[in-house]
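The lines below spell out each chain.
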Amino acid sequence: MATNVNLVQEILDFWFGPIADDGSCQSEFQKRWWAKDPDFDREVTTRFAAHIAEAEAGRLDALRATPEGCLALVVLCDQLTRNSRRDQAAMYSADPFALATLRHALDQGHDRQLRTMQRYFLLMPLMHAESRELQEEGIRRFDELAREAEPGAVESAKGAAEYMRAHAVIVERFGRFPHRNELLGRASTPEELAFLQEPGSSF
């Protein structure tokens, strides 16, 4: 179990850095979350690719026993997978594991024991889900996060709620994210192809 505890801490330290008393995260960490940086992607791959494979094989399910463990597993499967496998179909392959971990965390009330920015990323599998029902749930939960946010994380939480709505509009319209079609070998409809020419059609 010591190995799992160390892995949880490694993932959370790597992704969030120190979280301030007011709930804010340092800008250097926030910039890494959204940037496309090949060097950062390589670092993620070196440090975490083997752990992602372990998670997909079910060998890290024990991490779900704690709120922090659930969070680390979601970050691993929902975020670090996208860095490690960027521009590959496999970047989405761990999404079901992330979603299952989120559902377990919510059922156990683990989300209520996390800081605002931690809850933000715990909920991200809802934003990434190609499901109208899950997108609607995401709107409710991110709105709740914004209402309950720590002072230093209010703007981030409000931004997440707006971004959640932007995702939900696309899934409501198409039932999926058209920008994933080419990578996943899915045929795009004429309507989707037209949409993909519009600004803001890809994330």
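Bear in mind the structure is a predicted one, so any value in this text is a computation, not a measurement. Every residue gets a number counted from 1 within its own chain, in the order that chain's sequence is written. Reporting in this predicted model follows two pLDDT cut-offs: at least 70 for local features of residues, and 80 or more for side-chain atom pairs to be given and counted; totals over whole chains, interfaces and linings ignore these cut-offs and use all residues. Values reported for side chains reflect all heavy atoms of the structure, with hydrogen atoms and water molecules removed beforehand.

1. What about helix H4 (residues 67-84)?
Thinking step 1. Numbering of helices and strands starts at the N terminus; helices are DSSP runs of H or I of at least 4 residues and strands are runs of E of at least 2. Residue count minus one, scaled by 1.5 Å, sets the expected span of a helix. Between its terminal C-alpha atoms H4 stretches 24 Å, which fits the 26 Å expected from 18 residues at 1.5 Å a residue.
Thinking step 2. By the largest-angle criterion, Leu 76 marks the main kink of H4, which is about 35°.
Thinking step 3. Counting buried positions along H4 gives 17 out of 18 residues, so the element sits mostly inside the fold. What we call the bend at a residue is the angle made by axes fitted to the seven residues finishing there and the seven residues starting there. Buried residues are those whose accessible area, probed at 1.4 Å on protein chains only, stays under 20% of the maximum for their type, while exposed residues exceed 50% and partly exposed ones sit between those limits.

2. Here we look at the packing of H4 against helix H5 (residues 95-108)
Thinking step 1. Think of each axis as a best-fit line through the C-alpha atoms, taken over the contacting stretch in the case of a helix, with angles from 0 to 180 degrees between the N-to-C directions. Between H4 and H5, the least distance of the axes is 9 Å, while the angle of their chain directions is 155°. What the angle tells us is that H4 and H5 run roughly antiparallel. As for the relative orientation of H4 and H5, their crossing is left-handed in sense. On the side of H4, the interface is formed by Cys 70, Leu 73, Val 74, Cys 77, Asp 78 and Arg 82, while H5 contributes Asp 95, Phe 97, Ala 98, Thr 101, Leu 102, His 104 and Ala 105. Here roughly perpendicular refers to angles of 65 to 115 degrees, roughly parallel to angles under 35, roughly antiparallel to angles over 145, and oblique to all remaining angles. Crossing chirality is assigned from the near helix's rotation relative to the far helix, an anticlockwise turn below a right angle marking it left-handed and a clockwise turn marking it right-handed. What makes two residues a contact is simply this: any of their non-hydrogen atoms within 4.5 Å.

3. Digging into unusual backbone geometry
Thinking step 1. If you check the backbone angles, Asp 87 has positive phi at about 65° while not being a glycine.
Thinking step 2. Among the secondary structure elements, Asp 87 is positioned in the loop between H4 and H5.
Thinking step 3. Here Asp 87 falls in the exposed class, since its relative accessible area comes to 58%.

4. Section: the side chain of Arg 82
Thinking step 1. On the secondary structure map, Arg 82 appears in helix H4.
Thinking step 2. A distance of 2.9 Å separates a polar atom in the side chain of Arg 82 from the backbone oxygen of Asp 78.
Thinking step 3. As used in this structure description, the phrase polar contact means that two N or O atoms lie within 3.5 Å; if the pair is within protein, one of them must be able to donate a hydrogen and the other to accept it, and residues adjacent in sequence are counted only when both atoms belong to side chains. Among the polar contacts listed, one links the side chain of Arg 82 to the side chain of Asp 95, at a separation of 2.8 Å.
Thinking step 4. In contact with Arg 82, not counting residues within four places along its chain, are Met 91, Tyr 92, Asp 95, His 128 and Arg 180.

5. Let's talk about the packing of aromatic side chains
Thinking step 1. Note on ring pairs: Phe, Tyr and Trp rings are taken, using the six-membered ring of Trp, and paired if centres are within 6.5 Å. Classes follow the plane angle, with under 30 degrees stacked, over 60 edge-to-face and the rest tilted. For the coordinates displayed, the defined rule picks out 13 aromatic pairs.
Thinking step 2. Taking the centre distance of 6.3 Å and the plane angle of 25° together, the rings of Trp 15 and Trp 33 count as stacked. With Trp 15 in helix H1 (residues 2-16) and Trp 33 in helix H2 (residues 27-34), this pair connects stretches of sequence that are 18 residues apart. Neither residue differs from the other here; Trp 15 and Trp 33 are each classed as buried.

6. Observations regarding the pattern of salt bridges
Thinking step 1. When a carboxyl oxygen of Asp or Glu lies within 4 Å of a side-chain nitrogen of Lys or Arg, that pair is called a salt bridge. Counted by the stated rule, this structure contains 18 salt bridges.
Thinking step 2. In this structure, the salt-bridge partner of Asp 78 is Arg 82, at a minimum N-O distance of 3.9 Å. One end of the pair is Asp 78 and the other is Arg 82, both in helix H4 and four residues apart, which spans about a single turn. Just as Asp 78 is buried, Arg 82 falls in that class too.
Thinking step 3. Measuring nitrogen to oxygen at the nearest pair gives 2.8 Å for the salt bridge that ties Arg 103 to Glu 137.

7. Digging into the nonpolar core
Thinking step 1. As used here, the term nonpolar core means buried Ala, Val, Leu, Ile, Met, Phe, Trp, Tyr and Cys residues forming a set that is joined through side-chain atoms within 4.5 Å. In terms of nonpolar packing, the biggest core is built from 50 residues, with Phe 16, Leu 76, Leu 80, Phe 121 and Phe 142 touching the most fellow members.
Thinking step 2. At the level of secondary structure, the elements contributing two or more residues to this core comprise H1, helix H3 (38-56), H4, H5, helix H6 (116-122), helix H7 (124-128), helix H8 (132-148) and helix H9 (154-174).
Thinking step 3. The element best represented in this core is H4, accounting for nine residues.
Thinking step 4. Ile 170, Phe 174, Phe 177 and Phe 195 belong to the second largest nonpolar core, which has five residues in total.

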